[in-house]
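# Remarks on the overall topology
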Amino acid sequence: MERNVLGTELQECCQNPKTGFYRDGFCRTGNEDVGTHVVCSIMTEEFLVYTKAQGNDLSTPLPMYQFPGLRPGDHWCLCASRWKQAYLAGKAPEVVLEATHEKALDYVDFQWLLEHKHTPAKG
C-alpha cells in the first residue's frame, strides 16, 4: 500500500484529466518516473503562467500524448522539484495532502506542503 505525506493510504488525485506518471489518477512513482510526479496540486492561472515561463507548458493540449492541457482548477500530479521551485518563487499551487505521495518529502519540507494545503469549501 502506497502512503501519502500524512502516513495514510494514498488517495486518488484526479481522473479527469487523468493524471499521474502512470496515468491512473494517482500520484504514484517508481524507478521510471525520473521527474517524481508525486505532488497532487490544484492548478492556478498564476502557476500555469509561471511554469510555462520556466519551459514546462502545462496549458497547451498535446493530443499525441492524450494530454488535454490544464486549466485553473484542474488537479495534477506535479514533479516534486517543479512544485518546490514554484514554492521558492512564491507561485506554488495548493496541494491535496491525502493524494500527495510520501516520496514528496524527499524533496519538499512538510511545513511547505501544509502552508499550501487545499481545504475544500463547505457547503
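Numbering of residues begins from 1 in every chain and follows the order in which that chain's sequence is written. At least 70 in pLDDT is required for a residue's local features to be given in this predicted model, at least 80 for side-chain atom pairs to be given and counted, and no such filter applies to totals for whole chains, interfaces and linings, which use all residues. Computation of side-chain values covers all heavy atoms of the structure but excludes hydrogens and water.

Omega for the bond connecting Asn16 with Pro17 falls within 30 degrees of zero, at 5°, which places this linkage in the cis form. The way it works is that DSSP assigns letters per residue, a run of H or I at least four long becomes a helix, a run of E at least two long becomes a strand, and they are numbered from the N terminus. Looking at the element boundaries, Pro17 is found in the segment before β1 (37-42). Its identity is not glycine, yet Arg23 carries a phi of approximately 50°, on the positive side. Exposure remark for Arg23: the relative accessible area of 37% places this residue in the partly exposed category. At Thr36, a position not held by glycine, the phi torsion is positive, near 50°. Note on placement: Thr36 falls in the segment before β1. The buried label applies to any residue whose accessible area, calculated with a 1.4 Å probe on protein chains only, is under 20% of its type's maximum; exposed applies above 50%, and partly exposed to all values in between.

Further remarks concern the nonpolar core. Looking at soluble globular proteins, one finds that nonpolar side chains tend to be buried together. Each nonpolar core is a collection of buried residues, namely Ala, Val, Leu, Ile, Met, Phe, Trp, Tyr and Cys, held together in the definition by side-chain atoms within 4.5 Å. In terms of nonpolar packing, the biggest core is built from 22 residues, with Val39, Trp83 and Leu113 touching the most fellow members. In this description, contact between two residues means that some pair of their heavy atoms is separated by no more than 4.5 Å. Apart from the residues lying within four places of it in its own chain, the contact partners of Val39 are Cys27, Trp76, Cys77, Leu78, Ala80, Trp83, Val95, Thr100, Ala104 and Leu113. Within the second largest apolar cluster, eight residues are counted, among which are Cys14, Ile42, Cys77 and Ala99.

By disulfide we mean two sulfur atoms from cysteines, separated by a distance within 2.5 Å. Across all of its chains, the model carries two disulfides by this definition. Linked covalently through their sulfurs, Cys13 and Cys40 form a disulfide whose S-S length is 2.1 Å. In this structure the cystine formed by Cys13 and Cys40 twists about its S-S bond by roughly 85°; its chirality is therefore right-handed. Within this pair, whereas Cys13 is found in the segment before β1, its partner Cys40 is found in strand β1, the two being separated by 27 residues in sequence. In this structure Cys13 comes out as buried when scored by relative accessible area, which is 9%. With relative accessibility at 0%, the residue Cys40 sits in the buried group. A sulfur-sulfur distance of 2.0 Å marks the disulfide that ties Cys27 to Cys77. On the S-S bond that ties Cys27 to Cys77, the torsion sits near -90°, and the link is left-handed. Here Cys27 is found in the segment before β1, whereas its partner Cys77 is found in strand β2 (residues 75-79), with 50 residues between them in sequence.

Note on ring pairs: Phe, Tyr and Trp rings are taken, using the six-membered ring of Trp, and paired if centres are within 6.5 Å. Classes follow the plane angle, with under 30 degrees stacked, over 60 edge-to-face and the rest tilted. Per the counting criterion, the structure on display carries four aromatic pairs. Their ring planes at 85° and their centres at 5.0 Å tell us that Phe21 and Tyr22 sit as a pair that is edge-to-face. On the basis of relative accessibility, which here comes to 37%, the residue Tyr22 falls in the partly exposed class. Seen in terms of ring centroids, Phe67 and Trp76 are 5.4 Å apart; in terms of plane orientation they differ by 65°. Their pairing is edge-to-face. Among the residues examined, Trp76 registers a relative accessible area of 6% and is labelled buried. Following the ring pairs from residue to residue traces out a cluster consisting of Trp83, Tyr87 and Trp112. Distance and angle both matter: a charge sits over a ring if NZ of Lys or CZ of Arg is within 6 Å of the ring centre and within 35 degrees of the ring normal. For the cation-ring pair, Arg28 lies above Phe26, with the distance from its terminal atom to the ring centre recorded as 4.2 Å.

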